[in-house]
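As a plain string of letters, each chain reads:
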Amino acid sequence: MIDPLSSVVALLQPKMAHSKIVTGAGRWGVRGELDDAPLCCCVVLDGKMRYTIDGTPLLVEAGDFLLIPSMARFSATSFEPPDDAQWQSAPAVLENGEHRNGLLGVDADVRTLVGFCHLGSPDSALLLTLLPSLVHIRGDQRLSSLVQLVIDESRAHRAAREVVLERLLEVMLIEALRSSSNAVRSPGLLRALADSRLAHAIRRIHERPQEPWTVALMAKESALSRSAFFERFSAALGVTPMQYLLSWRMALASNRLARGQAIAEVAAQVGYSSASTFTVAFTRHAGMPPGQYSRSRQAVADGKPTAPLATA
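Residues numbered from 1 in each chain as written. Predicted model: local features only at pLDDT ≥ 70, side-chain atom pairs only at ≥ 80, totals over all residues. Heavy atoms only, no water.

Draft legend 1. Spatial organisation of the side chain of Asp140. For Asp140, the position within the fold is in the loop between strand 12 (135-138) and helix 3 (141-155). It turns out Asp140 is buried and unbridged, and the closest side chain with the opposite charge, Arg142, is 5.0 Å from it. At 3.1 Å, the side chain of Asp140 and the backbone nitrogen of Leu143 are in polar contact. Setting aside anything within four residues of it in sequence, one finds Asp140 in contact with Gly63 and Ser179. (Helix = DSSP H or I, 4+ residues; strand = E, 2+ residues; numbered from the N terminus. Buried < 20%, exposed > 50% of the residue type's maximum accessible area, 1.4 Å probe, protein only. Lys, Arg positive; Asp, Glu negative; His and termini not counted. Salt bridge = Lys/Arg side-chain N within 4 Å of Asp/Glu carboxyl O. Polar contact = N/O pair within 3.5 Å; in protein donor to acceptor, adjacent residues only side chain to side chain. Contact = heavy atoms within 4.5 Å.)

Draft legend 2. Here's a closer look at the sheet that holds strand 7 (residues 73-78). With mixed pairing, 5 strands are arranged side by side in an open sheet as 5-4-7-2-8. The sheet is open, and its two borders are formed by strand 5 (56-61) and strand 8 (87-88), each paired with just one other strand. (Pairing = 2+ DSSP bridges.)

Draft legend 3. Region of the structure containing the pairing of strand 6 (residues 64-68). Taken across its 5 residues, strand 6 has 5 buried, putting it largely inside the fold. Note: strand 3 (residues 39-46) against strand 6, 4 bridges, orientation antiparallel. Across the sheet, Val43 pairs through a bridge with Phe65, a residue of strand 6. With 4 bridges joining them, strand 6 and strand 12 adopt antiparallel strand pairing. Each bridged residue has a counterpart across the sheet, and for Asp64 the counterpart in strand 12 is Arg138.

Draft legend 4. A look at the nonpolar core. The biggest cluster of nonpolar side chains holds 70 residues, and the ones touching the most others in it are Phe65, Leu67, Met172, Phe229 and Phe278. Among residues more than four places away in sequence, those in contact with Phe229 are Leu198, Ala201, Val215, Met218, Ala219, Ser222, Leu224 and Pro241. Counting 18 residues, the second largest nonpolar core, distinct from the first, contains Cys40, Leu58, Ala76 and Val110. (Core = buried A, V, L, I, M, F, W, Y, C linked by side-chain atoms within 4.5 Å.)

Draft legend 5. Fine view of the packing of aromatic side chains. All told, the structure shown has 5 aromatic pairs when counted by the stated rule. Measuring from ring centre to ring centre gives 5.8 Å for Phe233 and Tyr244, while their planes differ by 70 degrees; the resulting arrangement is edge-to-face. One end of the pair, Phe233, is in helix 8 (residues 226-237); the other, Tyr244, is in helix 9 (residues 241-258), with 11 residues separating them in the sequence. Relative to Tyr293, the ring of Phe282 has its centre 5.2 Å away and its plane inclined at 75 degrees; by these criteria the two rings are edge-to-face. (Phe/Tyr/Trp six-rings, centres within 6.5 Å; stacked < 30°, edge-to-face > 60°.)

Draft legend 6. Main features of helix 4 (residues 161-179). Here helix 4 contains 19 residues, and its C-alpha end-to-end distance of 26 Å stays within 8% of the 27 Å for a straight helix at 1.5 Å per residue. Every buried residue of helix 4 is accounted for by Leu165, Leu168, Leu169, Glu170, Met172, Leu173, Ile174, Glu175, Ala176 and Leu177. (Expected span 1.5 Å × (residues − 1).)

Draft legend 7. Region of the structure containing the environment of Met16. Along the chain, Met16 falls in strand 1 (residues 14-25). The class of Met16 is buried, set by a relative accessible area of 15%. When the C-alpha atoms of Met16 and Phe116 are compared, they prove to be 6.2 Å apart, with 100 residues separating the residues in sequence.

Draft legend 8. Seen up close, the side chain of Arg249. Its location among the elements puts Arg249 in helix 9. Discounting residues that sit within four places of it in the chain, Arg249 has contacts with Pro209, Gln210, Glu211, Pro212, Trp213, Val270, Gly271 and Tyr272.

Draft legend 9. Spotlight on empty space enclosed by the protein. Counted under the stated rule, the structure contains 1 cavity of 30 Å³ or more. Put simply, the largest cavity is a space of about 30 Å³. If you go around the largest cavity, the residues you meet are Leu11, Gln13, Ser121, Pro122, Asp123, Ala251, Ser254 and Asn255. Top element by residues in the lining of the largest cavity is helix 9. It accounts for 3 residues. Across the lining of the largest cavity, the residue classes break down as 3 nonpolar, 4 polar and 1 charged. (1 Å grid on protein atoms, 1.4 Å probe; cavity = no way out; pocket = protein on both sides within 12 Å on 5 of 7 lines; lining within 4 Å. Points joined across faces, edges and corners; volume = space filled by probe spheres on them. Nonpolar A, V, L, I, M, F, W, Y, C, P; charged D, E, K, R; others polar.)

In structure tokens:
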């Protein structure tokens, strides 16, 4: 049986971009705005501090884990909020490679390990809408250990490094998402999977995307009436059943086209009766025909210059 959460995370194709130790001393504050932020994770190693992430305030302390699938605006401050003059535009980089906020030349009050991931999927923006915007987990040693393994592997140059790193990142993301007690409170895939009726239908969609799904058929899988299923699904995921189905089919198609599969073959695998009807749907979604999309993604993989992809 296909697990929907695992399949979404795998399709995101997370890649470690960089990591750093960030420390703070005294009273300090730093803020920024990221237009195209990669996925971010943070482990608080010592001390406590305050974050504000897209308007959501958080107090974090030693042992806390944060997963931020997407972020536009953020601020970080010492536990005691700074005065106006104590805000910085960026941390200072120390001789040992650490990034320091606040006072230099003194012991740190707070230490964090921060990692940034790029997402290889061209549909990452769409897939991220299925995940919670913020995951905050307190005192989970398994997650802290996984983050440290990811960081260590990213800095090493051992054989099969990329394969190991990709698997570790997927495990870390899945563990963070399934360990979160607050992730099911906001609309998204985790909230829907917490509903046993909806979970059965979603698993069937992921197992057999080629089936001629309708709302009535999905409702039958959930043992619900059509209207009850539609309302329950839409409330849990924040999108209608057919919108979810289309999004998942297009994400699968994008991934398979990028790997060079034939258009007709991909069309059949994601539930289209002909290559022509698939081409119309895919072009509407991706802003370009599937053949052009496939060539552009393979050119990127080969390191050749190519025009930027259109956004749907």
